[in-house]
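An overview of the molecular structure
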Amino acid sequence: LLVQGAVNTGGTDMISAYTATMRIERFANSFSDSGAASISVFVAQNHGAGDQERVRAGLRKGWKIMFVLAVVLSILMVLVRKMAVLWLMGSPSKNVLENAGQYIIVISIFYFLCFTGSTFVGYFRGIGRVEVPVIGTILQISVRVVLSYAWIGIMGLKAVALATGIGWTVVVFLSAYDKEKYMSGAIVNMIFDLVLIYGLYMGVSGVALSTCVSKND
């Protein structure tokens, strides 16, 4: 609701565009939520059995699966963004299509971080530290709200997407550095992987998304 308040300042077209993109995101986020639940069950079983090596291996494999899903869904959302908005809204105005399309393009670049965050959510729930995802969610929402209000007048609906992405970034890195001693090796490895793969991801996705945009436009 707080983010919606920022969006409302942009008028009816921006509100309609945001409503459509939230429906599209809910579909994509269902995969992220399912992945988090699966990782949570796996981690809880092996953590309870005292098999920390299997917890580490499962966490990293689960994260890689989530990464692939994030890339596929990001590209898919960009490819079908106009079709999806038309299907959801019926006969939207040109401004609605433009606002929704811009939002989806920006948010798609950050979706890898959303799925990485869900991986950590599953892990922390699995080991019984539910306070970490709760604090992360509060922090992510706070960053998203503050930056959305600060930038929406300048950038339009893209500001909300960018603010959301920055919120995901903060939460992911804070989660990665959480002081879980018995998982320190796996966390450090994940941080290195995160930096290396995200650099590659940003380069590849930038080219792929630019190609998708040019073909659709």
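The coordinates are above.
Let me begin by describing the structure that accompanies this report.

Rules of the game
- Each chain carries its own residue numbering, running from 1 in the written order of its sequence.
- Thresholds applied to this predicted model are a pLDDT of at least 70 for local features of residues and 80 or more for the giving and counting of side-chain atom pairs; totals over whole chains, interfaces and linings are not thresholded and use all residues.
- With hydrogens and water set aside, each side-chain value is computed from the structure's full complement of heavy atoms.
- Every helix listed is a DSSP run of H or I at least four residues long, and every strand listed is a run of E at least two residues long, numbered separately from the N terminus.
- Residue burial is assigned from relative accessible area. The probe radius is 1.4 Å, only protein chains are included, and a residue is buried under 20% of its type maximum, exposed over 50%, and partly exposed in between.
- Should any heavy atoms of two residues lie within 4.5 Å, those residues are counted as being in contact.
- Here the Shrake-Rupley method, with its probe set to 1.4 Å, supplies the accessible areas, and only the displayed protein chains count as covering residues.
- In protein, a polar contact means a hydrogen-donor-capable atom and an acceptor-capable atom, both N or O and within 3.5 Å, with residues adjacent in sequence counting only if both atoms are side-chain atoms; elsewhere, any N or O pair within 3.5 Å suffices.
- Basic side-chain nitrogens of Lys or Arg form a salt bridge, by our definition, when they fall within 4 Å of a carboxyl oxygen of Asp or Glu.
- For a helix, the expected span equals 1.5 Å multiplied by the residue count minus one.
- The arc in question is the one spanned by the directions pointing from the helix axis to the C-beta atoms.
- Note on definitions: angles span 0 to 180 degrees between N-to-C directions of axes, and those axes are lines fitted to C-alpha atoms, for helices only across the stretch in contact.
- An angle below 35 degrees is read as roughly parallel, one above 145 as roughly antiparallel, one from 65 to 115 as roughly perpendicular, and any other as oblique.
- Residues are grouped as follows: Ala, Val, Leu, Ile, Met, Phe, Trp, Tyr, Cys and Pro are nonpolar; Asp, Glu, Lys and Arg are charged; all remaining types, including Gly, are polar.
- Note: crossing handedness is left-handed where the near helix turns anticlockwise from the far helix by less than a right angle, and right-handed where it turns clockwise.

1. So, the overall build of the protein
- On a plain count of helices and strands, the protein comes out with 8 helices and 0 strands.
- Secondary structure elements in the protein, listed N-terminal to C-terminal, are α-α-α-α-α-α-α-α.
- Each of the 217 residues in the protein was classed as buried or not, and the buried ones make up 45%.
- For the protein, restricting intrachain contacts to residue pairs at least 6 apart in sequence, the fraction spanning at least 24 positions comes to 80%.
- Surface exposure of the protein reaches about 10600 Å², of which carbon and sulfur atoms provide 67%.

2. Details of the side chain of Ser 148
- Structurally, Ser 148 is set in helix α6 (residues 131-155).
- For Ser 148, a relative accessible area of 0% corresponds to the buried category.
- Here Arg 144 takes part through its backbone oxygen, which lies 2.6 Å from a polar atom of the side chain of Ser 148.
- Excluding residues that lie within four positions of it along the chain, Ser 148 makes contacts with Val 3, Ala 6, Ala 159, Val 160 and Ala 163.

3. Considering the pattern of salt bridges
- One pass over the structure, following the stated rule, counts 2 salt bridges.
- The partner of Arg 56 in a salt bridge is Glu 53, and the shortest N-O contact between them spans 2.8 Å. In this pair, Arg 56 and Glu 53 both sit in helix α3 (residues 52-79), 3 residues apart, roughly one turn of the helix.
- Classification of Arg 56 as partly exposed rests on a relative accessible area of 23%.
- For Glu 131, the salt bridge is made with Arg 129, and the minimal N-O distance between the two is 2.9 Å.
- A relative accessible area of 35% means that Glu 131 is categorised as partly exposed.
- Judged by relative accessible area, Arg 129 falls into the partly exposed class, the value being 23%.

4. Regarding the environment of Thr 12
- Structurally, Thr 12 is set in helix α2 (residues 12-48).
- Sequence separation of Thr 12 and Val 96 is 84 residues, and the distance between their C-alpha atoms is 8.8 Å.

5. Observations regarding helix α7 (residues 158-176)
- With 19 residues, α7 should reach 27 Å at 1.5 Å per residue; the first-to-last C-alpha distance of 27 Å fits that figure.
- Along α7, the residues that are buried comprise Ala 159, Val 160, Ala 161, Ala 163, Thr 164, Gly 165, Gly 167, Trp 168, Val 171, Val 172, Ser 175 and Ala 176.

6. Some words on helix α4 (residues 81-89)
- Of all the residues in α4, the buried ones are Arg 81, Ala 84 and Val 85. Projection of α4 onto a plane perpendicular to its axis shows the buried side chains occupying an angular sector of 95°, all on one side. The exposed set on the far side of α4, more than 90 degrees from its buried face, consists of Met 83 and Trp 87.
- Downstream of α4 by one or two residues, Gly 90 has phi in the positive range, about 85°.

7. Comments concerning the packing of α2 against α4
- Running from N to C, α2 and α4 cross one another at 110°; their axes reach a closest spacing of 10 Å. With respect to their mutual orientation, α2 and α4 come out roughly perpendicular. In contact with Ser 16, Ala 20, Arg 23 and Ile 24 of α2, α4 contributes Ala 84, Val 85, Leu 88 and Met 89.
- Across the contact of α2 with α4, the residue classes tally to 6 nonpolar, 1 polar and 1 charged.

8. Re the packing of α3 against helix α5 (residues 94-126)
- Their axes nearest at 9 Å, the elements α3 and α5 cross at an angle of 160°. With respect to their mutual orientation, α3 and α5 come out roughly antiparallel. For α3 against α5, the interelement crossing comes out right-handed. Within the contact between the two elements, α3 uses Val 55, Leu 59, Trp 63, Met 66, Phe 67, Leu 69, Ala 70, Leu 73, Ser 74, Met 77 and Val 78 and α5 uses Ile 104, Ile 105, Ser 108, Tyr 111, Phe 112, Phe 115, Thr 116, Ser 118, Thr 119 and Tyr 123.
- Within the contact of α3 with α5, the residues separate by chemical class into 16 nonpolar, 5 polar and no charged.

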